[in-house]
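Overview (structure and organization)
Here is what each chain is made of, one letter per residue.
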Amino acid sequence: MTGENILRKMTGDMHVRQLAALGKARLQAAGVECADYDAKQLLFSCTGLTEASYLADPDRSVPQEVQKRYRQLISLREQRIPLQLILGSAWFYGREFFVNGDVLIPRPDTEILVEEAMKEIQPGDSVLDVCTGSGCILLTIACEQKLGESLGTDISAKALAVAQENRKRLSEEIRGCVPAFAQGDLLEPAAGRKFDVIVSNPPYIPAGVIPQLAPEVKDHDPLQALDGGEDGLVFYRRIAAGAGEFLKPDGLLFLEIGYDQAQAVSQILRNACFTDITVTRDYGGNDRVIRGVYGRS
Ligand code: GLN
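Residues numbered from 1 in each chain as written. Predicted model: local features only at pLDDT ≥ 70, side-chain atom pairs only at ≥ 80, totals over all residues. Heavy atoms only, no water.

1. Overview of the side chain of Thr280
One can find Thr280 in strand E10 (residues 274-281). A distance of 3.3 Å separates polar atoms of two side chains, one belonging to Thr280 and the other to Glu116. Those residues in contact with Thr280 that lie beyond four places of it in its chain are Ile112, Glu116, Asn286, Asp287, Arg288 and Val289. (Helix = DSSP H or I, 4+ residues; strand = E, 2+ residues; numbered from the N terminus. Polar contact = N/O pair within 3.5 Å; in protein donor to acceptor, adjacent residues only side chain to side chain. Contact = heavy atoms within 4.5 Å.)

2. Brief notes about the pairing of strand E6 (residues 151-154)
What you see with E6 is no split at all: Leu151 and Thr153 on one side and Gly152 and Asp154 on the other are buried throughout. Strand direction decides the pairing type here: strand E5 (residues 127-130) and E6, joined by three bridges, are parallel. Looking at E6, one finds that Val130 is bridged to Thr153. The sheet contact formed by E6 and strand E7 (residues 180-183) spans four bridges and is parallel. The partner of Asp154 across the bridge, within E7, is Gln183. Crossover E6 to E7 through helix H9 (residues 157-169) is right-handed. (Buried < 20%, exposed > 50% of the residue type's maximum accessible area, 1.4 Å probe, protein only. Pairing = 2+ DSSP bridges. Right-handed = clockwise from strand over helix to strand, strands pointing away.)

3. Examining the site of the ligand
Within the structure, the ligand sits among Leu104, Thr110, Cys131, Thr132, Gly133, Cys136, Ile137, Asn201, Pro202, Pro203 and Ala225. With respect to the ligand, the backbone of Cys131 contributes an N or O atom lying 2.9 Å from a nitrogen atom. A distance of 3.1 Å separates a nitrogen atom of the ligand from a polar backbone atom of Ala225. Considered on its own, the ligand offers 300 Å² of accessible surface; in the complex 97% of this is hidden by protein. Residues that form the shell around the ligand fall into these classes: seven nonpolar, four polar and no charged. (Near = heavy atom within 4 Å. Areas by Shrake-Rupley, 256 points an atom, 1.4 Å probe, with all protein chains shown as cover. Nonpolar A, V, L, I, M, F, W, Y, C, P; charged D, E, K, R; others polar.)

4. Quick look at the sheet that holds E10
Spatial ordering of the open sheet is given by E7-E6-E5-E8-E9-E11-E10, a layout of seven strands whose pairing is mixed. Each edge of the open sheet carries a strand with a single partner, namely E7 and E10. Averaged over neighbouring strand pairs, the angle between their axes works out to 15 degrees when direction is ignored. Its contacts with the sheet place helix H12 (residues 234-243) against E5, strand E8 (195-200), strand E9 (247-256) and E10, and it is angled at close to 170 degrees to E9. Against the sheet, helix H13 (residues 262-271) touches E9, E10 and strand E11 (287-294), its axis set at about 160 degrees to E10. (Axes fitted to C-alpha atoms, helices over the stretch in contact; angles between N-to-C directions.)

5. Some thoughts on the packing of helix H3 (residues 35-47) against helix H5 (residues 64-78)
In the contact formed by H3 and H5, the axes pass within 9 Å of each other and the chain directions differ by 145 degrees. H5 is crossed by H3, and the crossing has right-handed handedness. The residues of H5 that touch H3, namely those facing Asp38, Ala39, Leu42, Leu43, Ser45, Cys46 and Thr47, are Val66, Arg69, Tyr70, Leu73, Ile74 and Arg77. Among the residues forming the contact of H3 with H5, the class breakdown is eight nonpolar, two polar and three charged. (Left-handed = near helix turned anticlockwise from the far one by under 90°.)

6. Focus: the nonpolar core
Leu128, Ile198, Tyr236, Leu255, Val265 and Leu269 are the most contacted members of the largest nonpolar core, which totals 31 residues. Of all the secondary structure elements, the ones that give two or more residues to this core are E5, E8, H12, E9 and H13. The element contributing the most residues to this core is H12, with five residues. For Ile198, the contacting residues outside a window of four places in its chain are Leu128, Val130, Leu187, Ala243, Phe246, Leu247, Leu252, Leu253 and Phe254. Within the second largest apolar cluster, 28 residues are counted, among which are Ile137, Ile141, Leu147 and Phe254. (Core = buried A, V, L, I, M, F, W, Y, C linked by side-chain atoms within 4.5 Å.)

7. Thoughts on H5
With 15 residues, H5 should reach 21 Å at 1.5 Å per residue; the first-to-last C-alpha distance of 21 Å fits that figure. For H5, every residue scored as buried is listed here: Gln67, Tyr70, Leu73, Ile74 and Arg77. Taken end-on, H5 shows its buried residues confined to a sector of 125 degrees, consistent with a single buried face. Residues of H5 that are buried make contact with strand E1 (14-15), helix H2 (16-29), H3, strand E2 (61-62), helix H6 (83-87) and helix H10 (215-218). Of the residues one or two after H5, Arg80 is the one with positive phi, at around 70 degrees. (Expected span 1.5 Å × (residues − 1). Arc of directions from axis to C-beta.)

8. Some points on the pattern of salt bridges
As enumerated under the stated definition, the model contains 19 salt bridges in all. With its nearest N and O atoms 2.8 Å apart, the salt bridge here joins Glu173 to Arg95. Of the two residues, Glu173 sits in the loop between H9 and E7 while Arg95 sits in strand E4 (residues 95-98), which places them 78 residues apart along the sequence. Overall, Glu173 belongs to the partly exposed group, its relative accessible area being 37%. One salt bridge in this structure joins Arg288 and Asp109, with 3.6 Å as the shortest N-O distance. (Salt bridge = Lys/Arg side-chain N within 4 Å of Asp/Glu carboxyl O.)

As structure tokens, this is what we get:
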């Protein structure tokens, strides 16, 4: 019996636990990877329950209206719309960010980039975030450290509107200068300025690989935020070639990379006068972040 049939057979009085099981079954059947987690998150969002209140009373009954709303959310997720887009928010480095279809959904992997950068960013440092998207990298750093004047750039005005909304939502937590956002191609909006640190999670998926990605990614993350050109390395070449002009002496560059790109991007950085290059792995054991120092001999 499918989840929907189970639901039809049951009358009014469904309990949260039954709803969670029903949602999980439907999402599993639709090929959703974390069906149990996603079904519960959708349930919590329409009931207002938390994990703790759910566990404390899994037999609490749910009003018809709320059940209906829950079924609607489950069917969106069945269509492989990402959980974060349905909820309108994504958690990143312990903070909630507003997201919509105009930005790449922040990934846990990118937290490694923030973590690595945070080890070296000093109070008062200026940070340039290239391809800022939702603003998750720069705004997180600005909440964690007292920054000097910092800037996030993106070619997409719609993405920057999301970053601005997140800046507003996090305004209480930003410790130093409030980061600015500017629209333009990669480093261009930073013309004439120099920074202590540049961070970027540029698009890095080889164009030919995109059709093989999960529907949540290929159909819902902006293509512009994924597509790294034929070999996936186009933006690394362009950022590395231009970054020196925007970095103070001994300035640092941190880039997120794909699992198989460490060697190629190291070479790109060396060719662009970066030294002391280090690579950090993510929690899955894949190379994820590359860091270089500009022009130290
Ligand atoms: N900087 C944003 C993030 O890491 C967006 C990156 C992108 O659009 N490629 O989530």
